[in-house]
Amino acid sequence: MIYLTEKIGRITEAADNMFNLNELNQIPTFSGRVKYCTEHLGKPIGRGSSRVVFQIDDNRVLKLAANAKGVAQNRVESEWYKQNYDFIPKNYNIGNDCTWIDCEFVLPAVKKDFKVCLGMSFEEFCANLRIVESQYRRYGYGAYSQKDYDSVYELAEELPLFGEIADYMVNGQIPAGDMTRIANWGLAQRNGQPVVVLLDHGLTMDVWNEYYKK
């Protein structure tokens, strides 16, 4: 599709001839795995408090846990049923004890992509996700009317991809925070059509409560 192919910029393959996922599995420490990947894949393309992301090639990235929090998030992202959602990146390989995930590389999304892919602006998308979240977290529940909830139900029926995202949030008890950050969305292709893709989807309420809540 022209919309997506116009945005594609290929990169030089990152991995050297010595990089091997089986060898990575044999390294027993977080720091050792990070060192190995840096030596063979170069500098990470992303880094957070719990995971480091390396580019493997034009189509794949490695999400490497840097601590126990990262393992917990990788474990969430490796749950098999999530591969049924079009807006979740495809997983190719998963490391021992979920210490790493070899998954789909996608292009960065911009706000206008949501109008093309979902039929609503990014601002409308975020506002509707907060309504969805309020129903299972009871956070800001009194701020919305039954009319607001009915409107979200109608959108979920009319716009299949939005319906998938809302269903995923409810079933997984997913906080809206990461899902309303444009930096956490990419752009992929499914069946010849552009689809917005959630880059970091390992933070559930359970992970938050165990590792992040003060």
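Anything mentioned here points back to the structure above.
Predicted, not measured: the structure shown is a model, and the values here were computed from it.

The rules we used
Residues numbered from 1 in each chain as written. Predicted model: local features only at pLDDT ≥ 70, side-chain atom pairs only at ≥ 80, totals over all residues. Heavy atoms only, no water. Helix = DSSP H or I, 4+ residues; strand = E, 2+ residues; numbered from the N terminus. Buried < 20%, exposed > 50% of the residue type's maximum accessible area, 1.4 Å probe, protein only. Patch = residues over 30% accessible without salt bridge, like charges linked within 9 Å, V, L, I, M, F, W, Y side chains within 5 Å. Areas by Shrake-Rupley, 256 points an atom, 1.4 Å probe, with all protein chains shown as cover. Salt bridge = Lys/Arg side-chain N within 4 Å of Asp/Glu carboxyl O. Lys, Arg positive; Asp, Glu negative; His and termini not counted. Charge placed at Lys NZ, Arg CZ, Asp CG, Glu CD. Pairing = 2+ DSSP bridges. Core = buried A, V, L, I, M, F, W, Y, C linked by side-chain atoms within 4.5 Å. Contact = heavy atoms within 4.5 Å. Phe/Tyr/Trp six-rings, centres within 6.5 Å; stacked < 30°, edge-to-face > 60°.

A. Spotlight on the environment of Pro160. Here Pro160 shows up in helix 8 (residues 160-172). Take Pro160: its relative accessible area is 63%, and that puts it in the exposed class. Sequence separation between Pro160 and Leu118 is 42 residues, and the spatial gap between their C-alpha atoms is 8.3 Å.

B. Looking closely at a negative patch on the surface. Taken together, Asp150, Glu154, Glu157 and Glu158 make up a surface patch of like negative charges. Topologically, Asp150 is positioned in helix 7 (residues 146-158).

C. Region of interest: unusual backbone geometry. Positive phi is not limited to glycine here, since Cys98 has a value of about 60 degrees. A positive phi angle, close to 55 degrees, is found at Asn191, a residue other than glycine. Within the secondary structure, Asn191 sits in the loop between strand 7 (185-190) and strand 8 (193-198).

D. How the structure looks around the pairing of strand 3 (residues 60-65). Most of strand 3 sits out of view: five of its six residues are buried. Where strand 2 (residues 51-55) and strand 3 come together, five bridges link them in antiparallel fashion. Each residue of the ladder has a partner; that of Arg51, found in strand 3, is Ala65. Where strand 2 folds back onto strand 3 in an antiparallel hairpin, the turn is made up of four residues. Sheet topology note: the strand 3/strand 5 (residues 100-104) ladder contains five bridges and is antiparallel. Bridge assignment links Lys63 to a residue of strand 5, and that residue is Ile101.

E. A look at the nonpolar core. Among the nonpolar cores identified, the biggest contains 34 residues, and Phe87, Leu118, Phe125, Phe162, Ile165, Met179 and Trp185 are the most heavily contacted of them. Taken together, the elements giving at least two residues each to this core come down to helix 5 (112-118), helix 6 (122-137), helix 7, helix 8, strand 7 and strand 8. When residues in this core are grouped by element, the largest group, seven residues, is from helix 6. Ignoring any residue separated from it by four or fewer positions in sequence, one finds Phe162 in contact with Leu118, Met120, Phe125, Asn128, Leu129, Val152, Leu155 and Ala156. Val34, Cys37, Val52 and Leu62 belong to the second-largest nonpolar core, a separate cluster that totals 14 residues.

F. Representation of the sheet that holds strand 6 (residues 107-108). In space, the three strands of this open sheet follow the order 6-7-8, with antiparallel pairing throughout. Only two strands of the sheet have a single partner each, and these edge strands are strand 6 and strand 8. Two strands pair when backbone bridges link them, and strand 7 and strand 8 are joined in this way by six bridges, in the antiparallel orientation. By the bridge assignment, Trp185 is partnered in strand 8 with Leu198.

G. Examining the pairing of strand 7 more closely. Along strand 7, five of the six residues are buried, which leaves the element largely enclosed by surrounding structure. With two bridges joining them, strand 6 and strand 7 adopt antiparallel strand pairing. Bridged to Leu107 within strand 7 is Leu187.

H. Looking closely at the packing of aromatic side chains. Enumeration over the complete set of coordinates arrives at eleven aromatic pairs. Measuring from centroid to centroid gives 4.8 Å for Phe114 and Phe122, while their planes differ by 65 degrees, and the two rings are edge-to-face. Of the residues examined, Phe114 reaches a relative accessible area of 0% and is grouped as buried. Ring pairs connect the aromatic residues Phe114, Phe122, Phe125, Phe162 and Trp185, which therefore count as one cluster.

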